[in-house]
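# Reading the structure
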Amino acid sequence: MLVPGNGGSDVLRNMSLVLRTVHDSTSLPAIRTSAQHPDLRVRLEAIKTLLAFDTSVPRKLLEEAINDRDPKMAETAIALVGNYGIKEAVDPLLQILARRDFFGKRRPLRILAIKALGELAEPGALPQMDHLFSTSFLPWPNRNERKAAFESLAAYPQAARAPFVART
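Residues numbered from 1 in each chain as written. Predicted model: local features only at pLDDT ≥ 70, side-chain atom pairs only at ≥ 80, totals over all residues. Heavy atoms only, no water.

### Topic: the packing of helix 3 (residues 40-53) against helix 4 (residues 59-66)
At a minimum axis distance of 9 Å, the contact between helix 3 and helix 4 shows a crossing angle of 150°. Put simply, helix 3 runs roughly antiparallel to helix 4. The interaxial crossing formed by helix 3 with helix 4 has left-handed handedness. Contact residues: Leu-40, Arg-43, Leu-44, Ile-47 and Leu-51 in helix 3; Arg-59, Leu-61, Leu-62 and Ala-65 in helix 4. (Axes fitted to C-alpha atoms, helices over the stretch in contact; angles between N-to-C directions. Helix = DSSP H or I, 4+ residues; strand = E, 2+ residues; numbered from the N terminus. Parallel < 35°, antiparallel > 145°, perpendicular 65-115°, else oblique. Left-handed = near helix turned anticlockwise from the far one by under 90°. Contact = heavy atoms within 4.5 Å.)

### What about unusual backbone geometry?
Within the chain, His-23 stands out as a residue other than glycine whose phi angle is a positive 55°. For His-23, the position within the fold is in the loop between helix 1 (9-21) and helix 2 (28-34). Here His-23 falls in the exposed class, since its relative accessible area comes to 64%. One non-glycine residue, Ala-121, lies in the positive phi region at around 50°. Counting through the fold element by element, Ala-121 comes out in the loop between helix 7 (107-120) and helix 8 (143-152). (Buried < 20%, exposed > 50% of the residue type's maximum accessible area, 1.4 Å probe, protein only.)

Right under this line is the structure:
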């Protein structure tokens with residue numbers, strides 16, 4: 001049985017992965033506890049496992065990790081959801097991009113969100129990112145965000161990205 005706190009973070013993360021792989025839901029209470037673990041990698045792996053068994057519970061946990069008050073934790077969470085392929089993160093990532101950032105305070109976070117969306121490559125996300133592919137005489141969309149958006153297109157299915165590639 002997986003017992004959070006009794007072992008290293010790598011053990012907890014790997015146990016969560018194994019339990020998800022073998023579809024063992026008997027340890028869900030321990031996995032739920034791991035979803036609150038201080039190590040973000042353990043927390044996200046636990047959330048991914050919970051999503052495999054019960055999609056209603058961990059969405060709030062996922063959103064909390066992505067929108068963490070500590071910018072470094074939020075950046076790490078965003079990078080990890082892309083690396084881990086957590087498709088349920090698409091909506092929270094799009095919410096980050098939907099908020100205006102006139103002064104660029106959240107630009108690093110926004111660029112990571114664009115890259116993570118590219119790693120997840122959900123075609124439905126592209127129409128909601130349309131503002132990043134437009135040109136304007138105003139200073140937005142930011143050049144770096146726009147560049148990241150166009151670079152992320154390579155990961156999307158060809159049919160989904162074609163209308164956006166045609167704009168270049």
